[in-house]
Amino acid sequence: MLTIISLAIVLMFTILSGNIFRRDFKENHIASCLAMFVSMTKSTLVGILVAVWIPNMVLSTIVAIIGCFVLVSFMTYKLPIKIFIESMSMMFMGSMMGAMLSLMTTNYEMLSIVFFTLIYILSVLVAVGLWNKEEQPNFFRAIPKRLSFLASTAVIILMVSSLYGTIGVQTNEEEIEAEIEHHHH
């Protein structure tokens, strides 16, 4: 369940950040850095999520790269080619790192998903706030209220699902324990 919620957050914030980046685009020195920041955190999180579903390093990395390619392409659509290329380079690195990290942290999947989802949400808020900083000198007012509301709602849903839910993928140990329990009754 947690993986589905985290993936929904990725999709929702990809759409929103992409729309904001296109609508409020300004040619300045920080624009490509902000898009790279969001691309890196997004692709790391997607790599982690894919590796939870596909516990093979090569396959999960390939699927994460393909999925992130689509997400980053959407986010940077109609932005300058420099932003697209820099975001794609961050996407490759983040996807690989996320998949490897997820497969190496066998006992901390839930913590990893929650932590990196929070980092991704924070990166979008920071990027949008700095993206709009020229029009709005107050950083917090530069973040659209709708995005702040959705971020707050996403964090609450994420926290509740992590406290009461499961990751969404049952491990072999859990399956074996459930089968043994079933045979004893």
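Predicted model, so just to flag it, every value in this text is computed and none were measured.

*Asks:* Could you clarify how one ought to interpret the confidence of the model for the protein chain in this entry?
*Replies:* Close inspection of predicted coordinates is inappropriate in any region flagged by low pLDDT. Taken residue by residue, the protein chain gives an average pLDDT of 87. The fraction at 70 or more is 88%. The element-level mean pLDDT for the protein chain is lowest in helix α8 (residues 172-184), coming to 51, with helix α3 (residues 57-76) highest at 95.

*Asks:* Is there a simple way to think about the nonpolar core in this case?
*Replies:* Proteins that are soluble and globular tend to have nonpolar side chains buried together. Of all hydrophobic cores here, the largest spans 43 residues; its most connected members are Phe13, Phe21 and Leu147. Secondary structure elements with two or more residues in this core: α1 (2-23), α2 (31-53), α3, α4 (81-104), α5 (109-131) and α7 (145-164).

*Asks:* What exactly am I supposed to notice about α4 here?
*Replies:* A turn of α-helix holds 3.6 residues, and therefore any two residues three or four places apart point the same way. Its 24 residues give α4 an end-to-end C-alpha distance of 35 Å, which sits within 8% of 34 Å, the value for a rise of 1.5 Å per residue. Close packing links the buried residues of α4 with α2, α3 and α5.

*Asks:* Teacher, can you tell me more about the packing of α3 against α4 here?
*Replies:* Packed helices, taken two at a time, are described by the angle between their axes plus the distance between the axes. It is the contact of α3 with α4, at a shortest axis distance of 9 Å, that shows an interaxial angle of 150 degrees. Where α3 crosses over α4, the two elements pack in a sense that is right-handed. Contacts between α3 and α4 pair Met57, Ser60, Thr61, Ala64, Ile65, Cys68, Phe69, Val72, Ser73 and Thr76 from the former with Ile83, Phe84, Ser87, Met88, Met91, Phe92, Ser95, Met96, Ala99, Met100 and Leu103 from the latter. Its residues assigned to classes, the contact of α3 with α4 comprises 15 nonpolar, six polar and no charged.

Rules behind the numbers
Residues numbered from 1 in each chain as written. Predicted model: local features only at pLDDT ≥ 70, side-chain atom pairs only at ≥ 80, totals over all residues. Heavy atoms only, no water. pLDDT = per-residue confidence, 0-100. Helix = DSSP H or I, 4+ residues; strand = E, 2+ residues; numbered from the N terminus. Core = buried A, V, L, I, M, F, W, Y, C linked by side-chain atoms within 4.5 Å. Buried < 20%, exposed > 50% of the residue type's maximum accessible area, 1.4 Å probe, protein only. Expected span 1.5 Å × (residues − 1). Contact = heavy atoms within 4.5 Å. Axes fitted to C-alpha atoms, helices over the stretch in contact; angles between N-to-C directions. Left-handed = near helix turned anticlockwise from the far one by under 90°. Nonpolar A, V, L, I, M, F, W, Y, C, P; charged D, E, K, R; others polar.

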